[in-house]
Number of protein chains: 4
Amino acid sequence: MTAEPKPGSRSARVRAAVLKAAGELLMAGGLTAATVDAINARSGVSKATIYKHWPNRTCVAIDAFAEHMARTVPLPDTGSARGDLTEQLRLVCAFHASPAGAVFAQLLAGATADPQAGRLLRERFLAGRREAIRVLWRRALARGEVRAEVDVEVAIDLLFGPVIYRLVSGVAPIGPEQAGAIAEAALAGLGR
Amino acid sequence: MTAEPKPGSRSARVRAAVLKAAGELLMAGGLTAATVDAINARSGVSKATIYKHWPNRTCVAIDAFAEHMARTVPLPDTGSARGDLTEQLRLVCAFHASPAGAVFAQLLAGATADPQAGRLLRERFLAGRREAIRVLWRRALARGEVRAEVDVEVAIDLLFGPVIYRLVSGVAPIGPEQAGAIAEAALAGLGR
Amino acid sequence: MTAEPKPGSRSARVRAAVLKAAGELLMAGGLTAATVDAINARSGVSKATIYKHWPNRTCVAIDAFAEHMARTVPLPDTGSARGDLTEQLRLVCAFHASPAGAVFAQLLAGATADPQAGRLLRERFLAGRREAIRVLWRRALARGEVRAEVDVEVAIDLLFGPVIYRLVSGVAPIGPEQAGAIAEAALAGLGR
Amino acid sequence: MTAEPKPGSRSARVRAAVLKAAGELLMAGGLTAATVDAINARSGVSKATIYKHWPNRTCVAIDAFAEHMARTVPLPDTGSARGDLTEQLRLVCAFHASPAGAVFAQLLAGATADPQAGRLLRERFLAGRREAIRVLWRRALARGEVRAEVDVEVAIDLLFGPVIYRLVSGVAPIGPEQAGAIAEAALAGLGR
DNA sequence: TACTAAACGAGACGGTACGTCGCGTCTTATT
DNA sequence: AATAAGACGCGACGTACCGTCTCGTTTAGTA
């Protein structure tokens, strides 16, 4: 959750054990399976200790998932900036379509009711994704491939929004081919 | 949930009482407060009966919310098709920014884990919204204001996605002014 | 705890199951073993239900022990009233010296911190014992075998006090032979 | 608990700090409040150190209470041996009726489950009391005021028993006036 | 109008997880 | 070496809400 303790320390080992167990449970049975009792049983770390490190179950799960996913979606570099954006979107869609996508949706859901979890989730996931796009966007701007009048944040919303929307709305997540269509439409615009 | 019983019948009264109580609880304290026990206490309808009408709590909540929201977001007609789309987006954003928006996010969340609830939610909310946009889109197409190459469904994703994304991600929901920016960007496209 | 529900009812069966399990655990491992979780596991009655019937673990244990002990120490009738008193004392001592005695001491201990448990304990055990002695005392008074100037309650304290004292103080409980000495001393008096 | 270390030494200071803190907590909130963590917090002595000096919390409490009570009930000398016994009983009763009495009952309770605590308690409290009575009893014997046939230990049980009984049974502790009645009855005997 | 079958109210129940507390042990760094 | 500081495992606590169930009572439709 908060600042990491010095590596190798007791706390660090505990933390790692919890995240490992939670991550495994998460991937095996989703958020439902990642019970604090289950994490305790699997990791050997007591419930009290878990609650000393994280405020609640959802936060443990988010951290565990983040750890598990660390650097899953790298920044592409296709030469063309528009190609980069498209590729990035494709990668994110692929992630969402994978089993991990379902877990992510549950985390998103779990965070809805809990401000702490919400903050942690944004910090661990969304912030990084948005930042990644910001980088690509700047690159594209420099090459003159995108419209300067468009706010970066709006652009990010426009690109990620559809992906998340499809994920949480329970309609099938966007597949790789649709990802291309989304990117194309976003770049070319709906109007004429 | 299922087909309505004949109005005025015992079942219908029960159904109405439950939805009323659930709706009030929902608006007052969010999904968390809309406990089955609380609904029972407030409506006088016994838990067993509630479970005879709905498969689980989430479904009750969705139905109640739908009832409560019935026809909140009407179809606009501004003369210009692009104006219609923009206006529709603005309306949806306003809805999300209202207190009800938070509840909606929780319902979306609750539906993540439960297929039945997901289906019901799509049926009660998302389907209507998408259909509304389809109508506007056809209108816009007829007037030649939008690109025919773009798939309607993609267009819908592009328009709604950002809105939902901002809602569930816990970043502040999109305000009315940003709604315009989103619509503009979606229509004009990001690229040049 | 409180008024019994109609026999054969669901509540009555639950109550009986809990008391049976608790009693067995109590006799097998003392108050320490009579955990609510253990009672739940052994009886099949859920914790929530147990807590609906009793305010806390100690009260369950007291009730269980009372049930288990129902009518262990009967009223004697030796012909002589003084003999009756002596005999009653001997019986009570024997009870305390038995394994059950240790459990009783633990219940007494557990009741120290909890007013509800204290009340229940007095109601279930001490009241009955004191009443029994009151009966014997009246009988003895009628036969002129005891001093009328002595208050019954004082007499009861004088007879039972030593027994309980030895039990809780952890000195070996009074054996049957010492019981006689106590009774003799109480009746004849210490002074001359 | 064990042999005192040389006064003024580090151990002695630690010991004193613990007993002081524990005693204060004990008087303020009873045995319940005298948590090891609380003692640690209040005394500044670490838990590990506390456990190096005492085998468990109950023993700390007993020692603390003993320290706190040191010499509360002195040996009376009224001239008459029977008067001495009566007076002694009255003093003990007064002690039990004071707030400290409740704490003492809890200690008695706590000692029930733990042999070490039981031993310590007897050593710190009961032994002294019994010895005091033995002295008085010998004095009374020498003056011919009590019956020589009665065993001293039985006499002690007869005098103290009622007091402790009333204390632990949760019935109101014996007040000073009743103390007299008890003493009178014990000396004169119940029978005629 | 009486009768029966279904629906209902009331609420107890089993189950699962929650988050908390206190004990007594253990580690690490300090003094 | 003895401490302070405090993390940790353990095991129990009492609570919450879920969804199921049992048991009478009410209510509609039918006979």
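Residues numbered from 1 in each chain as written. Chains lettered and ligands numbered in written order. Predicted model: local features only at pLDDT ≥ 70, side-chain atom pairs only at ≥ 80, totals over all residues. Heavy atoms only, no water.

Draft legend 1. Up close: the overall build of chain A. In terms of regular secondary structure, chain A is built from nine helices and zero strands. Ordered by position in the sequence, the α and β elements of chain A form the string α-α-α-α-α-α-α-α-α. Projecting the C-alpha coordinates of chain A onto the three principal axes gives extents of approximately 60 × 35 × 25 Å. A burial count over chain A gives 51% of its 192 residues as buried. Seen as two clouds, the 24 positive and the 18 negative side-chain charges of chain A have centres 6 Å apart. (Helix = DSSP H or I, 4+ residues; strand = E, 2+ residues; numbered from the N terminus. Buried < 20%, exposed > 50% of the residue type's maximum accessible area, 1.4 Å probe, protein only. Lys, Arg positive; Asp, Glu negative; His and termini not counted. Charge placed at Lys NZ, Arg CZ, Asp CG, Glu CD.)

Draft legend 2. Examining the UniProt feature "DNA-binding region" (unreviewed entry) in chain A more closely. Following the UniProt record, the feature "DNA-binding region" (unreviewed entry) maps to residues 35–54 of chain A here. Here residues 35–54 of chain A runs as 75% helix and 0% strand, with 13 Å between its end C-alpha atoms. (UniProt positions renumbered as here; feature names shortened; annotations may be inferred.)

Draft legend 3. Region of the structure containing the protein's contact with DNA strand F. Close contacts around DNA strand F come from 36 residues, with Lys47(B), Tyr51(B), Arg57(B), Tyr51(C) and Arg57(C) the closest. The sugar-phosphate portion of DNA strand F accounts for 63% of its atoms within 4 Å of the protein, the bases making up the rest. In the model, a phosphate oxygen of DNA strand F is placed 3.4 Å from a nitrogen or oxygen of the Ser11(A) main chain. Note that a phosphate oxygen of DNA strand F is positioned 3.1 Å from one of the side-chain N or O atoms of Thr49(A). Here the surface near DNA strand F takes four residues from helix 3 (residues 47–53) of chain A, the largest share from any one element. (Near = heavy atom within 4 Å. Polar contact = N/O pair within 3.5 Å; in protein donor to acceptor, adjacent residues only side chain to side chain.)

Draft legend 4. Examining the interface of chain B and chain A more closely. Each partner contributes residues to the interface: chain B has 42 residues there, and chain A has 42 residues. Taking both partners together, chain B and chain A bury about 3,800 Å²; carbon and sulfur atoms supply 66% of that area. For the chain B face of the interface with chain A, the top three residues by lost area are Arg147(B), Tyr165(B) and Leu190(B), together amounting to 22%. Joining chain B to chain A, the criterion identifies four salt bridges. (Contact = heavy atoms within 4.5 Å. Buried area = accessible area lost by both parts, 1.4 Å probe. Salt bridge = Lys/Arg side-chain N within 4 Å of Asp/Glu carboxyl O.)

Draft legend 5. Local environment of helix 9 (residues 176–188) of chain C. Counted at 1.5 Å a residue, the expected span for helix 9 of chain C with its 13 residues is 18 Å, and the 18 Å between its end C-alpha atoms agrees. Along helix 9 of chain C, the residues classified as buried are Ala179(C), Gly180(C), Ile182(C), Ala183(C), Ala185(C), Ala186(C) and Leu187(C). As for helix 9 of chain C, its buried residues are in contact with helix 5 (81–97) and helix 8 (152–169) of chain C together with helix 8 (152–169) of chain D. Of the residues flanking the end of helix 9 of chain C, it is Gly189(C), one or two places downstream, whose phi is positive at about 90°. (Expected span 1.5 Å × (residues − 1).)

Draft legend 6. Representation of the relation of the copies chain B and chain A in the model. For the pair chain B and chain A, the best superposition has an RMSD of 0.2 Å and corresponds to a rotation of 179° with a translation of 0.1 Å parallel to the axis. What the rotation and shift describe, once combined, is the action of a two-fold rotation axis. Judged by C-alpha distance, Gly189(B) is the residue of chain B that lies nearest the rotation axis, at 1.6 Å. Here 100% of the interface residues in chain B have copies in chain A that are interface residues too; the copies meet face to matching face. (Least-squares fit on C-alpha atoms with pLDDT ≥ 70 in both.)

Draft legend 7. Structural view of the protein's contact with DNA strand E. Around DNA strand E, the surrounding shell holds 38 residues, and the nearest of these are Tyr51(A), Arg57(A), Lys47(D), Tyr51(D) and Arg57(D). Note that a phosphate oxygen of DNA strand E is positioned 3.3 Å from one of the backbone N or O atoms of Ser11(C). A distance of 3.2 Å separates a phosphate oxygen of DNA strand E from a polar atom in the side chain of Thr49(C). Taken together, the residues that form the surface near DNA strand E break down as twelve nonpolar, 14 polar and twelve charged. (Nonpolar A, V, L, I, M, F, W, Y, C, P; charged D, E, K, R; others polar.)

Draft legend 8. Representation of the pattern of salt bridges. Per the counting criterion, the structure on display carries 64 salt bridges over all chains. Taking the shortest distance from any N to any O, the salt bridge between Asp63(B) and Arg15(B) comes out at 3.7 Å. Within this pair, whereas Asp63(B) is found in helix 4 (residues 57–69), its partner Arg15(B) is found in helix 1 (residues 10–33), the two being separated by 48 residues in sequence. A residue is classified by how much of its surface remains accessible, and Arg15(B), at 12% relative accessible area, is buried. Of the charged contacts in the structure, one is a salt bridge between Arg130(C) and Asp157(C), with a shortest N-O distance of 2.9 Å. Residue Arg130(C) is found in helix 7 (residues 115–142), and its partner Asp157(C) is found in helix 8; the two are separated by 27 residues along the sequence.

Draft legend 9. Layout of the domain arrangement of chain A. All names here are of chain A. Looking at chain A, the domain boundaries give domain 1 (10–68) and domain 2 (73–188). With 14 residues of domain 1 at the interface, the matching set in domain 2 holds 15 residues. Here domain 1 packs against domain 2, burying approximately 1,200 Å² in sum over the two surfaces, 75% of which is carbon and sulfur. Taken as a group, Leu31, Ile62 and Phe65 account for 45% of the area that domain 1 buries against domain 2, more than any other trio of residues on that side. Among the salt bridges present, the one from aspartate 63 reaches arginine 124, with a minimum N-O distance of 2.5 Å. (Domains from an automatic or database assignment.)

Draft legend 10. Up close: the packing of helix 7 of chain C against helix 8 of chain C. All names here are of chain C. Between helix 7 and helix 8, the shortest axis-to-axis distance is 10 Å and the interhelical angle comes to 115°. Of the two elements, helix 7 crosses helix 8, and the hand of that crossing is right-handed. From helix 7, Arg129, Arg130, Ile133, Arg134 and Trp137 reach across to helix 8, where they touch Val152, Glu153, Ala155, Ile156, Asp157, Leu159 and Phe160. (Axes fitted to C-alpha atoms, helices over the stretch in contact; angles between N-to-C directions. Left-handed = near helix turned anticlockwise from the far one by under 90°.)

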